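Working through the structure, step by step
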Amino acid sequence: MKSLFIAGNWKSNKTITEAMEWLRNFQFPISNFQLKNTSIILCVPFTLLQIFKEQIKESGLPIALGAQDVSPFPEGAYTGEVSARQIQEFADWVIIGHSERRKYFGETDTLLKEKVLHAKEMGLKTIYCVPDETTIVPAGVDVVAYEPVWAIGTGKTDTPQHASHVTSVIKQKSSVATVIYGGSVTPDNVAAFIAQPFIDGVLAGGASLDPQTFFKLIVVASSPS
Ligand code: 13P
């Protein structure tokens, strides 16, 4: 059975009160479920990192924490930025190069390379998002997420077969061993992606916002069909 990597990306959602409610509802089912060969990473907004870190420690939740972005600069006079050194106080992972960062904030491959560099220097593990197999993956990336832009938040997914083909090309070109798929993943379609030989897991947006849905997605993904 292959190792699975299941990540949730909360994007710009949830207050502390809402996050605590989510945790209350996620904690019981996940703590009573036997996770085999499955890593769960939850990437929350910066404002929720501290409370999540505390809660994970306190309740022994079997999940790792991630941020969704990192500054391309070290700590210093960069108003509004959060540096890798600050993030590593709370999280082990960071998403870099999400298509929403590329689209709404004009992030370029050159800038993203700097982000990866700083994240690595501070010991953060990186999930690097690419919209296709032609996008260059910087050296040192730990996990690549193939996320076709048209599939994000639209309810339309790539076909599992095509997604597997793209991930296999990404693996060959980048030599990154773990490549996952993202774009409208749900408990109903996740098994078809996981069944593909070159897909090592998924990055879920909308489906991670509801604790029951995210738990269901994890159960389906980690149960061999
Ligand atoms: P959705 O699962 O909501 O389509 O979002 C995918 C995504 O962008 C995860 O990073």
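Residue indices follow the written sequence of each chain, beginning from 1 at its first position. Residue-level local features of this predicted model are given only where pLDDT is at least 70; pairs of side-chain atoms are given and counted only at 80 or more, and the full residue set underlies all totals for whole chains, interfaces and linings. Side-chain measures were taken over the full set of non-hydrogen atoms in the model, leaving aside hydrogen atoms and water.

The next point concerns helix α2 (residues 46–59). Between the first and last C-alpha of α2 there are 21 Å, a value that for 14 residues agrees with the 20 Å anticipated at 1.5 Å per step. Note that bend, as reported per residue, equals the angle between axes fitted to the 7 residues terminating at that residue and the 7 residues originating from it. Helix numbering and strand numbering both begin at the N terminus, where a helix is a DSSP run of H or I of at least 4 residues and a strand a DSSP run of E of at least 2. In α2, a bend of some 25° at phenylalanine 52 exceeds every other bend along the element. If you check which residues of α2 are buried, you get Leu48, Leu49, Phe52, Gln55 and Ile56. Whether two residues touch is decided by their heavy atoms; if any such pair falls within 4.5 Å, the residues are in contact. If you follow the buried residues of α2, they end up packed against α1 (16–31), β2 (38–43) and β3 (64–67). In the segment just after α2, glycine 60 is the residue with positive phi, at about 65°. A helix is expected to reach a length of 1.5 Å times the quantity of its residues less one. Burial here depends on accessible area, computed with a 1.4 Å probe over protein chains only, as a share of the maximum for the residue type. Under 20% is buried, over 50% is exposed, and the range in between is partly exposed.

Another aspect to go through is the pattern of salt bridges. The salt bridge definition used is simple: a Lys or Arg side-chain nitrogen within 4 Å of an Asp or Glu carboxyl oxygen. For the structure on display, the rule yields 10 salt bridges. A salt bridge links glutamate 21 to arginine 24; its shortest N-O distance comes to 2.9 Å. Of the two residues, glutamate 21 and arginine 24 both sit in helix α1, three residues apart, roughly one turn of that helix. For glutamate 21, a relative accessible area of 40% translates into the label partly exposed. Among the ionic pairs, aspartate 109 bridges to arginine 102, the shortest N-O distance being 2.9 Å. Here arginine 102 falls in the buried class, since its relative accessible area comes to 18%. Each of Asp69, Arg101, Glu107 and Lys115 takes part in salt bridges that share partners, so that together they form one network.

A few words now on the sheet that holds β3. Strand pairing requires that DSSP identify at least two bridges connecting the strands. Read around the closed barrel, eight strands run β1-β2-β3-β4-β5-β6-β7-β8, paired in parallel fashion. Pairs of neighbouring strands in the sheet enclose a mean axial angle of 25°, with direction left out of account. Relative to strand β5 (residues 125–130), strand β4 (residues 93–96) runs parallel, the two being bridged by four bridges. Its bridge partner being in β5, isoleucine 95 is matched across the sheet by isoleucine 127. All axes here are fitted lines through C-alpha atoms, helices being fitted over the stretch that makes contact, and every angle between N-to-C directions spans 0 to 180 degrees. Against the sheet, α2 makes contact with β2 and β3, and its axis sits at roughly 170° relative to β3, the strand it touches most.

With that settled, consider the site of the ligand. The ligand sits among 13 residues. The nearest are Lys11, His98, Gly153, Ser184 and Gly206. N or O atoms closer than or at 3.5 Å make up a polar contact, with two conditions inside protein: a donor-capable atom paired with an acceptor-capable one, and, for residues adjacent in sequence, both atoms drawn from side chains. Contact distances for the ligand include 3.0 Å between an oxygen atom and a side-chain N or O atom of asparagine 9. Within the side chain of glutamate 147, an N or O atom sits 3.0 Å from an oxygen atom of the ligand. Burial of the ligand by the surrounding chains reaches 95%, relative to a free accessible area of 310 Å². It suffices for a single heavy atom of a residue to lie within 4 Å of a molecule or strand for the residue to be listed as near it. Using the Shrake-Rupley algorithm and a 1.4 Å probe, accessible areas are obtained, with residue cover drawn only from the displayed protein chains.

A few words on the pairing of β3. Moving residue by residue along a regular strand, the side chains alternate between the two faces of the sheet. Along β3, one buried face is formed by Ala64 and Gly66 and the opposite face, lined by Leu65 and Ala67, is buried too. The pairing of β2 with β3 spans three bridges and is classified as parallel. The residue of β3 that forms the bridge with cysteine 43 is glycine 66. We call a crossover right-handed when, viewed with both strands directed away from the observer, the connection leading from the first strand over the helix to the second proceeds clockwise. With α2 bridging β2 and the parallel β3, this β-α-β connection has right-handed handedness. Bridge analysis of β3 against β4 gives two bridges, and the strand direction is parallel. Looking at the pairing, alanine 67 lines up with valine 94 of β4.

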